[in-house]
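If you want the building blocks of each chain, they are given just below.
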Amino acid sequence: MPRKTIKPTNYRWVVCVMLFVATMIAYMDRQVLSLTWKDFIAPQFAWTDADYGVITAFFSITYAVVMLFAGKFIDWRGVKSGYTWAVAIWSLGAMMHAFCGVATCGLLTGEWFVGFDGARETLHDAATVMLPISTVSIYLFMACRLVLGIGQAANFPAAIKATVDYFPKKDRAFATSIFNAGASVGALLAPLSIPLIASHFGWETAFIAVGALGYVWMIVWLLMYKNPQKNSRVNQSEFEYIYQDEDEELTTKGIVDEGPRMSIRKCLTYRQAWAFIVGKLMTDGVWWFFLFWTPAYLSDQYGYSSDSNMGMTLIVVLYLITMLSIAGGYLPTYFVDRYSDKPYTARMKAMFYFSCVQLIGFMAQPLGDVSPWLLVFVIGILGAGHQAWSANIFSMVGDLFPRRAVATVVGLGGCAGGVGSFLVNIGSGSLLSHAEEMGELFTFLSYTGKHAAYMIIFCVCAIAYIIGWTVMKLMVPRYTPVVVKQKKEEMAKKS
């Protein structure tokens, strides 16, 4: 039981830092492929934009399907154990990518023990007579993305549940924006390190090096994380601050009402869950488009490869701008403290502002015609707006649902977001390949070819948020938390 002291501890921020690092590693693992495929992997396997789109879309749909169960798994196993399993699986999947070249060589030629360089040379020599090289490699990379997606599907359900356990409602969006900024930092560190590793040591080494970081994090996590009710590093003052939204009589006794268990089917009977699902479906694909396609865009439109100084600088600046999202995460806390808004009201107000910011996406392509720096500035602002939106929409679940249901509902929304991301990635790849084939015959507004395709995608991204927010507001117009009657025996245990 936590001890009473005058000065509260701040161990919740240590937990937040651990969540930040895990999210950073997760996004670095995702970014390795996007930063290496165009300049390193595609020449070896003869991939097209459509091929890459299929691989990224497969990751998205895997992520989406597994999300249905990942949240329930976290609610069942608990944050500590569930998160450990998740990181172990996705780190394995990340490292598996490195062996796709060797596996392709082995399957097609029977030579399995050739090493990375040997596989590259063998496939190069056989490329003119062995047409299945691209097909076989695509399936192998899809298998690796499958394992990566299975593990990473549990990242946000686990992180959000940990945030709900360690932060009061008014601070959750701010805490979420901090650990969610790990996505931006991961995407920032990736272009500074991955292309250099790939160019000096081979693209395979980049996958292994980044994937290994997850296992280092696991050791720290197992040593440091405990539920606040059992954590000796959390004193009574911090405990009461964390659970200030709970029943005061129970909190002073060190007891927290986790709420009743809820099945996926039960969660889907509430409009609050559907509001979250719609919000994720409409907006997650936008972020994933920026994450997976920006390096290719810079290469297509300006000729900057991912390992060029200019290419790396532009990506770094872009993700530095997205760090502004932390301020967006603090905005609901400001509204609560300054105007005494309810947390949910403050959150929806902030999300409306962020959805309006996304409308500048209409200007991305026109400004990109003037300068790549203007394009990067616009995409950076769009990315910051998305991450601020994401921090608040995740925190909305903790506002509306019992603690035991949080990860399950987050998983449902994550599934919808994965479906949206699948549609964006498969659609973007097909659209860009079609535009490239059509050339000047493919037009949209004043643009032709791939320029027109990118303009279409930017327009879709710009309006997605305001549509999502409007539907959410119509479904849950005011703060209406889900209240579920508990069985008598469960209530007796808590009392």
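What counts, and where the lines are drawn
Throughout this document, residue positions are counted from 1 along each chain, in the order its sequence is written. In keeping with the model being predicted, local features are shown solely for residues with a pLDDT of at least 70 and side-chain atom pairs are shown and tallied solely at 80 or more, while totals for entire chains, interfaces and linings include all residues. The side-chain numbers reported here are obtained from all heavy atoms of the structure, hydrogens and water having been left aside. Patches draw on residues past 30% relative accessible area with no salt bridge. Two like charges within 9 Å are joined, as are two nonpolar side chains (Val, Leu, Ile, Met, Phe, Trp, Tyr) within 5 Å. Each accessible area is a Shrake-Rupley estimate made with a 1.4 Å probe; only the visible protein chains count as cover when residues are assessed. Salt bridges are counted wherever a side-chain nitrogen of Lys or Arg sits within 4 Å of a carboxyl oxygen of Asp or Glu. Secondary structure follows DSSP: runs of H or I at least 4 residues long count as helices, runs of E at least 2 residues long count as strands, and numbering of each begins at the N terminus. An expected span of 1.5 Å times one less than the residue number is assigned to each helix. Note on bend: at a given residue it equals the angle between the axes fitted to the 7 residues ending there and to the 7 starting there. Burial here depends on accessible area, computed with a 1.4 Å probe over protein chains only, as a share of the maximum for the residue type. Under 20% is buried, over 50% is exposed, and the range in between is partly exposed. Between N-to-C directions, angles cover 0 to 180 degrees, with each direction set by a line fitted to C-alpha atoms, over the stretch in contact for helices. By definition, any crossing whose near helix is turned counterclockwise from its far helix by less than a right angle is left-handed, and any crossing with a clockwise turn is right-handed. Only heavy atoms matter for contacts: two residues are in contact if any of them lie within 4.5 Å across the pair. Residue-level confidence of the predictor is what pLDDT reports, using numbers from 0 through 100.

K.L.:
Break down a nonpolar patch on the surface for me, citing the residues and quoting the values.
P.N.:
A cluster of nonpolar side chains, Leu359, Phe362, Met363, Ile463 and Ile467, forms an exposed patch at the surface whose accessible area comes to about 380 Å². Mapped onto the fold, Ile467 is located in helix α20 (residues 449–475).

K.L.:
How would you summarise helix α13 (residues 271–302) if you had to cite specific residues and measurements?
P.N.:
The end-to-end C-alpha distance of α13 is 46 Å, a good match for the 46 Å that 32 residues give at a rise of 1.5 Å each. The largest bend in α13 is about 55°, located at Trp293, with the proline Pro295 one to four residues further on. The buried count for α13 comes to 26 of 32 residues, which makes it a mostly enclosed element. Taken from the residues just after α13, Gly303 is the one with a positive phi, measuring 80°.

K.L.:
How would you summarise the packing of helix α2 (residues 49–77) against helix α7 (residues 155–166) if you had to cite specific residues and measurements?
P.N.:
Following both chains from N to C, one finds α2 and α7 inclined at 35°, their axes separated by 8 Å at the closest point. Regarding α2 and α7, the two cross each other, and that crossing is right-handed. Contact residues: α2 offers Tyr63, Met67, Gly71, Ile74 and Asp75, while α7 offers Phe156, Pro157, Ala158 and Lys161.

K.L.:
So what's going on with the confidence of the model for the chain? Which residues, and what values?
P.N.:
Mean pLDDT for the chain: 85, with 92% of residues reaching 70 or above. With pLDDT under 50 throughout, residues 1–5 is counted as low confidence; its partners more than four residues away or in other chains account for 13 contacts. For the stretch residues 248–256, pLDDT sits under 50, and the model shows 20 contacts to residues farther than four places along the chain or on other chains.

K.L.:
Kindly report on helix α14 (residues 309–322), identifying the contributing residues and their values.
P.N.:
When the terminal C-alpha atoms of α14 are compared, their 20 Å separation across 14 residues agrees well with the 20 Å that a helix rising 1.5 Å per residue should span. Residues of α14 that are buried include every one of Gly311, Met312, Leu314, Ile315, Val316, Leu318, Tyr319, Ile321 and Thr322, and no others. Turning to α14, the residues buried within the fold contact α1 (11–45), α8 (169–201), α13, α15 (325–339) and α18 (372–400).

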